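Structural characterization, general
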Amino acid sequence: MRQRIVGVVFLLFSGTPLSADEHVACTQPDAYEGYRVEVLLSIAKSCKVAAVADLFYNRAYHIRQVEKYHQFEKLLNKQGGSENIAYIDAYRIHIGLAEALLSRSLTPDAIGAIRRLNNIYERSGEIAEMRFRGYDLLANRLQQRLRDKSHI
């Protein structure tokens, strides 16, 4: 509940930077829910900590990719193709779980957690893009390699 309240407050004051050049969301990287892509990109441009800026860029990219995949599947379905959104859902769920698991440790000072989340965004996006383009075997190999490296 607290995060939703913080998110609403940030939405109300999303145009008001905390200091002269940094957006207030840069100090609360876990409270981004509800921001549009354009707002996420403007927040990223204003963040002084590079890892936090990258996180907001990755979030905006993720939203755009999911929209692109849905649009493509919708057009494909109109042409008589079957609707195959499993790769989209897997991508969204993986990012959602990563955000949920790391949300409590996301502060501008927790650079390790932010870098880890950025890495998850980048790798998941890469795998989703491979699947989108039909390179399932390559995506499976990359996914397996990442699992083998992971300590989870």
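Quick notes on the rules
Residues numbered from 1 in each chain as written. Predicted model: local features only at pLDDT ≥ 70, side-chain atom pairs only at ≥ 80, totals over all residues. Heavy atoms only, no water. Helix = DSSP H or I, 4+ residues; strand = E, 2+ residues; numbered from the N terminus. Buried < 20%, exposed > 50% of the residue type's maximum accessible area, 1.4 Å probe, protein only. Phe/Tyr/Trp six-rings, centres within 6.5 Å; stacked < 30°, edge-to-face > 60°. Lys NZ or Arg CZ within 6 Å of the ring centre and 35° of its normal. Patch = residues over 30% accessible without salt bridge, like charges linked within 9 Å, V, L, I, M, F, W, Y side chains within 5 Å. Areas by Shrake-Rupley, 256 points an atom, 1.4 Å probe, with all protein chains shown as cover. Salt bridge = Lys/Arg side-chain N within 4 Å of Asp/Glu carboxyl O. Core = buried A, V, L, I, M, F, W, Y, C linked by side-chain atoms within 4.5 Å. Contact = heavy atoms within 4.5 Å. pLDDT = per-residue confidence, 0-100.

1. Remarks on the environment of Val49
- By the secondary structure assignment, Val49 is in the loop between helix H2 (37–46) and helix H3 (50–78).
- The partly exposed category is assigned to Val49, whose relative accessible area is 29%.
- Taking the C-alpha atoms as reference points, Val49 and Glu22, 27 residues apart in sequence, are found 9.8 Å from one another.

2. Re the packing of aromatic side chains
- By the definition in use, this model includes three aromatic pairs.
- Centre to centre, the rings of Phe72 and Phe132 are 5.0 Å apart; their planes meet at 75 degrees, and the pair counts as edge-to-face. Of the two residues, Phe72 is situated in helix H3 and Phe132 in helix H5 (residues 111–132); the sequence distance between them amounts to 60 residues.
- Ring pairs connect the aromatic residues Tyr69, Phe72, Tyr91 and Phe132, which therefore count as one cluster.
- When the ring centre of Phe56 is taken as reference, the NZ or CZ atom of Arg59 above it lies at 5.2 Å.

3. Observations concerning a nonpolar patch on the surface
- A grouping of Ile93, Leu97 and Leu101 is seen on the molecular surface, where their side chains present a nonpolar patch of about 350 Å² in accessible area.
- As for its placement among the helices and strands, Ile93 is situated in helix H4 (residues 86–102).
- Accessibility expressed as a relative area gives 52% for Ile93, which makes it exposed.

4. Observations regarding the nonpolar core
- Among the nonpolar cores identified, the biggest contains 30 residues, and Ile43, Cys47, Phe56, Tyr69 and Leu117 are the most heavily contacted of them.
- Taken together, the elements giving at least two residues each to this core come down to H2, H3, H4 and H5.
- Among the elements that make up this core, the one with the highest residue count is H3 (eight residues).
- The contact partners of Cys47, leaving out residues within four places of it in the chain, are Glu22, Cys26, Val52, Ala53 and Phe56.

5. Comments concerning the confidence of the model for the chain
- Summary statistics for the chain give a mean pLDDT of 80 and a share of 80% for residues scoring 70 or more.
- Averaged pLDDT values over the elements of the chain bottom out at 45 in helix H1 (residues 2–12) and peak at 92 in H2.
- Segment residues 1–13 is flagged for pLDDT under 50; beyond a separation of four residues in sequence, or across chains, it makes 13 contacts in the model.
- Overall, residues 15–19 carries pLDDT values under 50, and its contacts beyond four positions in sequence, including any with other chains, amount to nine contacts.

6. Considerations on the pattern of salt bridges
- Using the criterion set out here, one finds seven salt bridges in the structure.
- The salt bridge involving Lys68 is made with Glu129; its shortest N-O contact spans 3.3 Å. Here the residue Lys68 occupies a position in helix H3, and Glu129 occupies one in helix H5, the gap between them amounting to 61 residues.
- The class of Lys68 is partly exposed, set by a relative accessible area of 32%.
- Since its relative accessible area comes to 14%, Glu129 is described here as buried.
- One salt bridge connects Asp136 with Arg131, and the closest N-O pair in it is separated by 3.6 Å.
- Residue classification places Asp136 among the partly exposed residues on the basis of a relative accessible area of 39%.
- Members of the salt-bridge network, linked through shared partners, are Lys68, Glu129 and Arg133.

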